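# Survey of secondary and tertiary structure
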Amino acid sequence: MSTTAARPGPATPPAPPAAPAPAAHRPRRRRPGLTAYVLLVPAVLVLLAGMGYPLYWQVVTSMQEFGLAQQFGQPPTFVGLDNYARIFTDDRLWAVVARSIVFCLVNAFATVILGVLFALLMKAVHPVVRIVLQVALLLAWAMPMVAAVTVWKWLFDWRTGVVNWLLVQLGFDQYSGHAWLAQPLSFFFVATVIIVWMSVPFVALSVYAALTQVSDEVLEAARIDGAGPTRILWHITMPLIRPVLSIVLLLQIIWDLRVFAQIRLLQDSGAPVSETNLLGNFIFELGIGRQDFAGAAAVSIFVLALTVLLSWPYVRNLLKEDA
């Protein structure tokens, strides 16, 4: 019996080399179309009408001779930059500028620090206590400014104030009849207490809203890895809520640099005006007190430039984060 040997089949061609995997590309952001810009036109027009014209008026007035006579119809005279030269060579202005910057930064950072502490407290306490804290903050925030300043003036009154009475009861007899608003240092301490008290609720509620968005899974993973509360706060929680902190700090710097009414109401109680003026009060004194509206306009333009200068580092960081 014969057997036929099986012939080998044709050789299988080698598989072609695998094509290299395409490099991962970062997703491109979609550029806003023309419709988005068209929808922004009404808002831009409202801003130009509401803010552009007053700014234009201030710039023009700062380059004119504009006093009491011009208020009664006499045409103003163009003087160029003479008002800026006259105001900026006045030593009183630079004393007010230095005082305003220090006061602004102290108040802004104190407000943000206390606001963060209140936000962390609301995050940690029982819901019932949290609601009580939130209601108390809202009541402090909603109180009219004049009423709030009046109450604080009563508390620090040198004759019948609760603060002096309490300090005397604690053994500080030197505060018997102490006039808090008569000396610049204690005057600004009272002003700082009032402004921080009125500003903390906004910061606390804003930061608390940001804390509620921090993922519990991330915090739990950090605890499992052995991180303590302090490390979790500084290395996880704070970086996650940094955008909110930057925004509230920027807003506080802008607001505290433009403080006027609280200082003015405290000055009415007998404080030394020349030693307690801030930029807003200095502008008021120039314009209303001395009828120097051109000088007041020049200082107003300077305050605008100073505000941009102080807030620019925070705005730049926000732009970098959004890029």
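Residues numbered from 1 in each chain as written. Predicted model: local features only at pLDDT ≥ 70, side-chain atom pairs only at ≥ 80, totals over all residues. Heavy atoms only, no water.

### Overview of the overall build of the protein chain
Per the secondary structure count, the protein chain includes 15 helices and 2 strands. Sequence-distant contacts in the protein chain: of pairs separated by 6 or more residues, those separated by 24 or more amount to 68%. Working note: accessible area of the protein chain is about 20900 Å², and carbon and sulfur atoms make up 68% of it. (Helix = DSSP H or I, 4+ residues; strand = E, 2+ residues; numbered from the N terminus. Contact = heavy atoms within 4.5 Å. Areas by Shrake-Rupley, 256 points an atom, 1.4 Å probe, with all protein chains shown as cover.)

### Examining a nonpolar patch on the surface
Taken together, Leu34, Tyr37, Val38, Leu40, Val41, Val44, Leu45 and Leu48 make up a surface patch of nonpolar side chains, about 810 Å² in accessible area. For leucine 48, the position within the fold is in helix H1 (residues 34-62). Exposure remark for leucine 48: the relative accessible area of 54% places this residue in the exposed category. (Patch = residues over 30% accessible without salt bridge, like charges linked within 9 Å, V, L, I, M, F, W, Y side chains within 5 Å. Salt bridge = Lys/Arg side-chain N within 4 Å of Asp/Glu carboxyl O. Buried < 20%, exposed > 50% of the residue type's maximum accessible area, 1.4 Å probe, protein only.)

### Quick word on helix H14 (residues 279-289)
A turn of α-helix holds 3.6 residues, and therefore any two residues three or four places apart point the same way. Here H14 has its buried residues at Leu279, Asn281, Phe282, Ile283, Leu286 and Gly287. Trailing H14 by a residue or two, glutamine 291 shows a phi angle of about 60 degrees, which is positive.

### Comments concerning the packing of aromatic side chains
Evaluated as defined, the whole model comprises 17 aromatic pairs. With centroids separated by 5.7 Å and ring planes inclined at 85 degrees, the aromatic side chains of tryptophan 94 and phenylalanine 302 adopt a geometry described as edge-to-face. With tryptophan 94 in helix H4 (residues 91-124) and phenylalanine 302 in helix H15 (residues 293-322), the pair connects residues that are 208 residues apart, well separated along the chain. Note on phenylalanine 302: relative accessible area 18%, which makes it buried. (Phe/Tyr/Trp six-rings, centres within 6.5 Å; stacked < 30°, edge-to-face > 60°.)

### Considering the pattern of salt bridges
Evaluation of the coordinates by the stated rule reveals 4 salt bridges. Between aspartate 292 and arginine 86 there is a salt bridge; the shortest N-O distance is 2.8 Å. You can see aspartate 292 sitting in the loop between H14 and H15 and its partner arginine 86 sitting in helix H3 (residues 82-88), a full 206 residues away along the chain. Residue aspartate 90 is joined to arginine 92 by a salt bridge in which the shortest nitrogen-to-oxygen separation is 2.7 Å.

### Looking at the nonpolar core
In this structure, Leu93, Val207, Ile241, Leu279, Val299 and Leu306 are the most contacted members of the largest nonpolar core, which totals 42 residues. Looking at this core, the elements with two or more residues in it are H4, helix H5 (127-142), helix H8 (184-211), helix H9 (216-224), helix H10 (229-240), helix H11 (242-257), H14 and H15. The dominant element in this core, judged by the number of residues it contributes, is H4, at 9 residues. Discounting chain neighbours no more than four positions away, the residues touching valine 207 are Val116, Ala119, Ile241, Val244 and Leu245. (Core = buried A, V, L, I, M, F, W, Y, C linked by side-chain atoms within 4.5 Å.)

### Considering the packing of H5 against H8
One can describe the packing of H5 onto H8 by two numbers: an axis separation of 8 Å at closest approach and a directional angle of 135 degrees. Compared by their axis directions, H5 and H8 come out oblique. You can see that H5 and H8 cross each other, and the crossing is left-handed. Here H5 contributes Arg130, Gln134, Leu137, Leu138, Ala140 and Trp141 to the contact with H8, which in turn contributes Trp197, Met198, Pro201, Phe202, Ala204, Leu205 and Tyr208. Classifying every residue of the contact of H5 with H8 by side-chain character gives 11 nonpolar, 1 polar and 1 charged. (Axes fitted to C-alpha atoms, helices over the stretch in contact; angles between N-to-C directions. Parallel < 35°, antiparallel > 145°, perpendicular 65-115°, else oblique. Left-handed = near helix turned anticlockwise from the far one by under 90°. Nonpolar A, V, L, I, M, F, W, Y, C, P; charged D, E, K, R; others polar.)

### Notes on the environment of leucine 138
As for its placement among the helices and strands, leucine 138 is situated in helix H5. Take leucine 138: its relative accessible area is 43%, and that puts it in the partly exposed class. Sequence separation of leucine 138 and proline 201 is 63 residues, and the distance between their C-alpha atoms is 6.6 Å.

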